[in-house]
Amino acid sequence: MAWVLLVVAGLLEVGWAVGLPYTEGFTRLWPSVFTVLGFAASMLLLAQAARTLPIGTAYGVWVGIGAAGAAIVGMAVLGEPVTAARIFFISLLLVAVVGLKATSGH
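Residues numbered from 1 in each chain as written. Predicted model: local features only at pLDDT ≥ 70, side-chain atom pairs only at ≥ 80, totals over all residues. Heavy atoms only, no water.

Student: Mind showing me how you'd approach the environment of G64 here?
Tutor: Tracing the chain through its elements places G64 in helix 3 (residues 55-76). G64 gets classed as buried once you look at its relative accessible area, which sits at 4%. Between the alpha carbons of G64 and S32 there is a distance of 24 Å; along the sequence they are 32 residues apart. Contacts of G64, omitting those with residues within four sequence positions, involve G69 and V97. (Helix = DSSP H or I, 4+ residues; strand = E, 2+ residues; numbered from the N terminus. Buried < 20%, exposed > 50% of the residue type's maximum accessible area, 1.4 Å probe, protein only. Contact = heavy atoms within 4.5 Å.)

Set out below in structure tokens:
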């Protein structure tokens, strides 16, 4: 169950990270509300997962999902450049996330 919570926390991290520009420095109410709620929910789920999983693994996987997911959404939806180098490095992040899970012992 901790892994499910951690994956959901990572996906919520993608949401709040992508939502940040829409807040315009937290001057727009609803984008700011959704971004802060996404951040809080993401942190709460990370904390719950870290009760069972080693913190190094939990945090690494959380950050990896968030970073890779935000980069993918940026390229797929927000018009950020799609280059072979970016795809290569996102792939490395995903390999690291799978490696952390595989070696966590849980």
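Student: How do you make sense of the side chain of S32 when you look at a structure like this?
Tutor: Tracing the backbone through its elements, the reader meets S32 in helix 2 (residues 29-49). Exposure remark for S32: the relative accessible area of 9% places this residue in the buried category. Beyond its immediate sequence surroundings of up to four residues, S32 is in contact with T23, F26 and T27.

Student: Where do I start with the UniProt feature "transmembrane region" (unreviewed entry) in the chain in this structure?
Tutor: Here, the residues flagged by UniProt with the feature "transmembrane region" (unreviewed entry) are residues 29-47, 59-78 and 84-103. Overall, residues 29-47 shows 100% helix and 0% strand. The separation of its end C-alpha atoms is 27 Å. (UniProt positions renumbered as here; feature names shortened; annotations may be inferred.)

Student: When you look at the packing of aromatic side chains in this model, what are you seeing that I'm missing?
Tutor: Think of a pair of aromatic rings as described by two things: how far the centres are apart, and how the planes are tilted against each other in angle. For the coordinates displayed, the defined rule picks out four aromatic pairs. With a centroid separation of 5.7 Å and 35° between ring planes, the pair formed by Y59 and W62 is classed as tilted. Taken together, the positions of Y59 and W62, both in helix 3 and three residues apart, correspond to about one turn of that helix. Residue classification places W62 among the buried residues on the basis of a relative accessible area of 5%. If you follow K101 out to its NZ or CZ, it ends over the ring of W3, 4.7 Å from the centre. (Phe/Tyr/Trp six-rings, centres within 6.5 Å; stacked < 30°, edge-to-face > 60°. Lys NZ or Arg CZ within 6 Å of the ring centre and 35° of its normal.)

Student: I keep staring at helix 1 (residues 2-23) and nothing clicks. Help me out?
Tutor: Think of an α-helix as 3.6 residues a turn; residues three or four steps apart then line up on the same face. Here helix 1 is 22 residues long and its end C-alpha atoms lie 31 Å apart, about the 32 Å a rise of 1.5 Å per residue gives. When helix 1 is considered as a whole, its buried residues turn out to be A2, W3, L6, A9, G10, E13, V14, W16, V18, G19 and T23. Those residues of helix 1 that are buried lie in contact with helix 2, helix 3 and helix 4 (84-102). Two residues or fewer after helix 1 comes E24, characterised by a positive phi angle close to 50°. (Expected span 1.5 Å × (residues − 1).)

Student: Is there a simple way to explain the packing of helix 2 against helix 3 in this structure?
Tutor: Helix packing for two helices is described by the angle between their axes and how far apart those axes are. Two elements in contact, helix 2 and helix 3, have axes separated by 10 Å at closest approach and are oriented at 150°. Here helix 3 runs roughly antiparallel to helix 2, going by the angle between their axes. Read as a crossing pair, helix 2 and helix 3 show a hand that is right-handed. Here S42, M43 and L46 of helix 2 come into contact with helix 3, specifically with A58, Y59 and W62. Taken together, the residues of the contact of helix 2 with helix 3 sort by class into five nonpolar, one polar and no charged. (Axes fitted to C-alpha atoms, helices over the stretch in contact; angles between N-to-C directions. Parallel < 35°, antiparallel > 145°, perpendicular 65-115°, else oblique. Left-handed = near helix turned anticlockwise from the far one by under 90°. Nonpolar A, V, L, I, M, F, W, Y, C, P; charged D, E, K, R; others polar.)

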